[in-house]
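Each chain, written out:
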Amino acid sequence: MEKNGYRFSFGPWNIHEGADPFGPPVRPSVAFADKLTALKDLGFDAMQFHDDDAVPDLDSVSHGEMLRQARAMRQLLADNGLFAEFVAPRLWEHPMTIDGGYTSNNPAARAYAIERSKKAADIGRELGCNLMVLWLAREGTYIREAKDAVLATHRLLEAVNALLDYDPALRIVIEPKPNEPMDLAYIPTIGHALALGMQSSDPVRVGALVESAHAILAGLDPSDEMSFALAFDKLWSVHLNDQNGLKFDQDKAFGSVDLRRAFNQVRVLDENRFWETGVIGLDVKAMRTQPAELATKHLRNSLHAFLRLLDVVRSLDRAQVDELIAARDYEELDWLVVSSLLG
Ligand code: XUL
Ligand code: MN
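The structure reproduced in this document is the subject of the present report. Computed from a predicted model, the values in this text were never measured in an experiment. (Residues numbered from 1 in each chain as written. Chains lettered and ligands numbered in written order. Predicted model: local features only at pLDDT ≥ 70, side-chain atom pairs only at ≥ 80, totals over all residues. Heavy atoms only, no water.)

Right, let's get into the nonpolar core. With 88 residues, the main nonpolar core has Phe44, Phe49, Tyr102, Ile123, Leu235, Ile280 and Phe306 as its most contacted residues. In terms of residue count, helix α10 (residues 297-315) provides more of this core than any other element does, nine residues in total. One finds Trp13, Leu131, Leu209 and Trp236 within the second-largest nonpolar core, a separate group that totals eight residues. (Core = buried A, V, L, I, M, F, W, Y, C linked by side-chain atoms within 4.5 Å. Buried < 20%, exposed > 50% of the residue type's maximum accessible area, 1.4 Å probe, protein only. Helix = DSSP H or I, 4+ residues; strand = E, 2+ residues; numbered from the N terminus.)

Listed as protein donors to the manganese ion (ligand 2) are Glu175 (OE), Glu211 (OE), His239 (ND1) and Asp283 (OD); their distances from the metal cover 2.0 to 2.3 Å. Viewed at the metal, the six donor atoms of the manganese ion (ligand 2) are separated by angles of 79 to 165 degrees, and the geometry they form is octahedral. For the manganese ion (ligand 2), the single-chain donor residues occur in sequence as E-x35-E-x27-H-x43-D. Here the residue His239 occupies a position in strand β9 (residues 235-240), and Asp283 occupies one in the loop between β10 (280-282) and α10, the gap between them amounting to 44 residues. (Donors = N, O, S within 2.8 Å, 3.2 Å for Na, K, Ca; no water. Tetrahedral: all angles 85-135°; square planar, octahedral: opposite > 155°, others 65-115°.)

We now examine the site of ligand 1. All residues in the neighbourhood of ligand 1 are listed as Trp13, His50, Trp92, Trp135, Glu175, Lys177, Glu211, His214, His239, Asp249 and Asp283. A distance of 2.8 Å is found between an oxygen atom of ligand 1 and a side-chain nitrogen or oxygen belonging to Asp283. Here ligand 1 has 290 Å² of accessible area as a free molecule, and 93% of this is covered by the chains. For the shell around ligand 1, the class distribution of residues is three nonpolar, three polar and five charged. (Near = heavy atom within 4 Å. Polar contact = N/O pair within 3.5 Å; in protein donor to acceptor, adjacent residues only side chain to side chain. Areas by Shrake-Rupley, 256 points an atom, 1.4 Å probe, with all protein chains shown as cover. Nonpolar A, V, L, I, M, F, W, Y, C, P; charged D, E, K, R; others polar.)

Let us now look at the pairing of strand β8 (residues 206-211). Where burial is concerned, most of β8 is hidden: six out of the six residues are buried. In β8, alternate side chains face the same way, and those of Val206, Ala208 and Val210 on one face and Gly207, Leu209 and Glu211 on the other are all buried.

Let us now look at the pattern of salt bridges. For the structure on display, the rule yields 25 salt bridges. For Asp45, the salt bridge is made with Lys3, and the minimal N-O distance between the two is 2.9 Å. Placement of Asp45 in the loop between α1 (32-41) and β2 (46-50) and of Lys3 in the segment before β1 (8-10) is noted, with a sequence separation of 42 residues between them. Judged by its relative accessible area of 18%, Asp45 falls in the buried class. A salt bridge links Asp53 to Arg90, with the nearest nitrogen and oxygen atoms 3.3 Å apart. Placement of Asp53 in helix α2 (residues 51-54) and of Arg90 in the loop between β3 (83-88) and α4 (107-127) is noted, with a sequence separation of 37 residues between them. We classify Asp53 as buried; its relative accessible area is 16%. (Salt bridge = Lys/Arg side-chain N within 4 Å of Asp/Glu carboxyl O.)

Below, the discussion takes up the side chain of Glu126. When you line up the elements, Glu126 lands in helix α4. A polar contact is formed between the side chain of Glu126 and the side chain of Arg71, at a distance of 3.1 Å. Among all residues touching Glu126, those that are not within four sequence positions of it are Leu67, Ala70, Arg71 and Arg74. (Contact = heavy atoms within 4.5 Å.)

The subject of this paragraph is unusual backbone geometry. That bond from Glu180 to Pro181 is cis: its omega, 10 degrees, falls within 30 degrees of zero. For Pro181, the position within the fold is in the loop between β6 (171-175) and β7 (184-185). Backbone geometry places Asn4, a non-glycine residue, at a positive phi of 50 degrees. Tracing the backbone shows Asn4 in the segment before β1. At Asp57, a residue that is not glycine, the phi angle is positive and equals roughly 55 degrees. Mapped onto the secondary structure, Asp57 falls in the loop between α2 and α3 (63-79).

Our focus in this paragraph is α1. Of the positions making up α1, those classed as buried are Phe32, Lys35, Leu36, Ala38 and Leu39. Mapping the buried residues of α1 onto a view down its axis gives an arc of 160 degrees, with all of them on the same face. The inward-facing, buried residues of α1 contact β1, β2, α2 and α3. Where α1 ends, the next residue or the one after it, Gly43, has phi of about 90 degrees, a positive value. (Arc of directions from axis to C-beta.)

Attention now goes to helix α12 (residues 330-342). Under the 1.5 Å per step criterion, the end-to-end length of α12 is 18 Å for 13 residues, consistent within 8% with the ideal 18 Å. Listing the buried residues of α12 in full gives Leu333, Leu336 and Val337. Around the axis of α12, the buried residues are gathered within 90 degrees of arc, so they sit on the same side. Facing away from the buried side of α12 by over 90 degrees, the exposed positions are Glu331 and Leu342. Where α12 is buried, its residues meet α9 (259-271) and α11 (318-326). Among the residues trailing α12, Gly343 stands out with phi positive, at a value near 80 degrees. (Expected span 1.5 Å × (residues − 1).)

The following block contains the structure:
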């Protein structure tokens, strides 16, 4: 498979049991080792990690044991010709994070969140990757009166600064999302993420991750969100997927809902030579209806959709595009794109 210099990743959570808020799992759990095999067999290059994907039961293992397990994971990846793209602290399952971590009203909960994030940084170091993704899952509210949003913003900044200070090699990417699990999230868009980073103690080490579905849920176009970050060299990772309108976070296979929207994401990434600096991360889920033995096709489909769209992007006649732009003949440009997508 020709990947044109692009590298691809997914996380262990992208091969899952199919549970949703209204129904139990419908597929058996897949062992990490089998997920790694699938990653390799499907032509991927890197694994994304939540901290406890690398070190299970993280809250109950000793520091030394945590480092040992992370080192063993690095070896396992290397033995398979793979690497870790990022580590993200999982700050949304522990009882201490019920009302958020960094922005909780409870000082003990805030302290827990920072400590847990420092562990994620330690794990990242042992995995040989200095990229930390902050998906700020519960940093928001169910009702506006429950938290002071100005104070919460400062608390987010303090958390980012504490992590930058803790590990001088650490680079942080903020993955914004406007809702879910919280009704109202404090960092809903890339603009918010980058503004927070610019206010941090070391802005050079804070960037952003655009997830297609999260941008769509914010009512924004993912390729524009990507472009805004690219304009400041701040797009350090992406989570490509698709989303059918303003519903729950669907994590559908990339390109499966709106091919032109997917095309434009591939276009801006390629026009800005993303393959040189970033990994094409996917964050996709198989449909609940998918039989267990067939539940990696969403990953195959997403990777292949990216590569097919890359062909379309690169085969567009650039001179013709420039001519149509100069003539302001956007109707003809529209047809050029549509007919290219129709094949
Ligand atoms: C949640 C989400 C997460 C992050 C990593 O919507 O996208 O999986 O990507 O924590
Ligand atoms: Mn994501």
